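Secondary and tertiary structure notes
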Amino acid sequence: MLLLMCCMPETPRFLLTQHKRQEAMAAMQFLWGSEQGWEEPPVGAEHQGFHLAQLRHPGVYKPFIIGISLMAFQQLSGINAVMFYAETIFEEAKFKDSSLASVIVGIIQVLFTAVAALVMDRAGRRLLLALSGVVMVFSTSAFGAYFKLTQGGPSNSSHVDLLAPVSMEPASGSVGLAWLAVGSMCLFIAGFAVGWGPIPWLLMSEIFPLHVKGVATGVCVLTNWFMAFLVTKEFSSLMEVLRPYGAFWLAAAFCIFSVLFTLACVPETKGKTLEQITAHFEGR
């Protein structure tokens, strides 16, 4: 990454703020391959800096709320819980080498993230986010159904055995249900990689005005890591209180909310300039 960044030019907008128009044109040629369709943005707003009073403006607080919410919903979908238990799920499905779980999961992530990259500018961000959320709703619901079907009897132990099958159930039935978990996990990871994995990070770079982009991006990243920490830390406790099936059904509920939030609040940014997106938030 360090070697590749040595070849990366500064952004055209930054170079324009430094009054380096020729370098900005060269950077644009390098990044986009053409200067056609370029509209030079107004210079000067980048130097305003961020002040709390600016949160009163819809062009600032609306993208702020959207960016923070996207990062929160990304983690509340349960992605870290699914990834953490991937190897255990493959073991229950009687894979000969359960360590292949991480390889299979990685392949699914790479393939469907590549699919998202190829179709994102055609299908649009909102459609992929909504489709991704719907897929995650069904997969986490199936996950919860698996844990409900394989839950053991009452126990005084405070430790939750995530994949403990019912003792009266035949071994073949347990393996069959484990395949339901494997299928649900693969579907969930595919759905996440198509939309809620990459798109919140992309939207974060598209919706913020230049003069608040640094602060707003930092707050969104902080939200993402804080929610990742919170979900990872408290998920085991949540499974003790709600049982595993309840914890994943709760994740499914958050996925439903994420779909509704996308349809109601997230604008389509495909093919729009920063000025057009800011005008949308300001109602112009």
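Residues numbered from 1 in each chain as written. Predicted model: local features only at pLDDT ≥ 70, side-chain atom pairs only at ≥ 80, totals over all residues. Heavy atoms only, no water.

**Section: the overall build of the protein chain**
To keep things clear, this is the line we draw: A helix here means a DSSP run of H or I that spans at least four residues, while a strand means a run of E at least two residues long, and both kinds are numbered starting from the N terminus. Categorising residues by exposure relies on relative accessible area from a 1.4 Å probe, with only protein chains included: less than 20% of the type maximum marks a residue as buried, more than 50% marks it as exposed, and the intermediate range marks it as partly exposed. Here a residue-residue contact requires only that any non-hydrogen atoms of the pair lie within 4.5 Å. Every accessible area reported is derived by Shrake-Rupley at a probe size of 1.4 Å, with residue values counting cover from the shown protein chains alone.
A tally of helices and strands in the protein chain yields 12 helices and 0 strands. Written out in order from the N terminus, the α and β elements of the protein chain read α-α-α-α-α-α-α-α-α-α-α-α. Relative to its 284 residues, the protein chain shows a buried fraction of 41%. Put simply, 77% of the contacts in the protein chain that link residues at least 6 apart link residues at least 24 apart. Accessible surface for the protein chain amounts to roughly 15500 Å². Of this, 66% is attributable to carbon and sulfur atoms.

**Regarding helix α11 (residues 213–265)**
Quick note on the threshold: To estimate the expected span of a helix, count its residues, drop one, and scale the result by 1.5 Å. Working definition for bend: take the seven residues up to and ending at a residue and the seven starting at it, fit an axis to each, and measure the angle between the axes.
Along its 53 residues, α11 runs just 19 Å from first to last C-alpha, ending more than 12% under the 78 Å computed at 1.5 Å per residue. At L242, α11 is deflected by roughly 110 degrees, the largest bend along its length, and proline P244 occurs up to four residues later in sequence.

**What to know about the packing of aromatic side chains**
To keep it simple, the criterion reads: Pairing of aromatic rings covers Phe, Tyr and the six-membered ring of Trp, with a centre-to-centre limit of 6.5 Å; geometry is then stacked below 30 degrees between planes, edge-to-face above 60, and tilted otherwise. Over a ring means this: the NZ of a Lys or the CZ of an Arg is within 6 Å of the ring centre and within 35 degrees of the ring normal.
Within the structure shown, the criterion is met by 10 aromatic pairs. Ring centres of F143 and F147 lie 5.4 Å apart, and the angle between their planes is 10 degrees; this geometry places the pair in the stacked category. Residue F143 and its partner F147 are located together in helix α8 (residues 125–149), separated by 4 residues, close to a single helical turn. Across the pair, F147 and F143 agree in class, each one buried. Both rings, one in Y245 and one in W249, keep their centres 5.4 Å apart while their planes meet at 65 degrees; by these two values the pair is edge-to-face. With a gap of 4 residues between them, Y245 and W249 both fall in helix α11, about one helical turn apart. Members of the aromatic cluster, each reached through a chain of ring pairs, are F143, Y146, F147, F235 and F248. For the cation-ring pair, K148 lies above Y245, with the distance from its terminal atom to the ring centre recorded as 4.4 Å.

**Thoughts on the pattern of salt bridges**
Selection criterion: Salt bridges are counted wherever a side-chain nitrogen of Lys or Arg sits within 4 Å of a carboxyl oxygen of Asp or Glu.
If you walk through the whole model with that rule in mind, you get 3 salt bridges. The residue R125 makes a salt bridge to E206 at a minimum N-O spacing of 2.6 Å. One end of the pair, R125, is in helix α8; the other, E206, is in helix α10 (residues 199–206), and 81 residues separate them in sequence. You can call E206 buried: its relative accessible area is 17%. As a salt-bridge pair, E234 and K233 come within 3.1 Å of each other at their nearest N and O atoms. Assessed through its relative accessible area of 33%, E234 is described here as partly exposed. Via salt bridges that share partners, D121, R125 and E206 belong to a single interconnected network.

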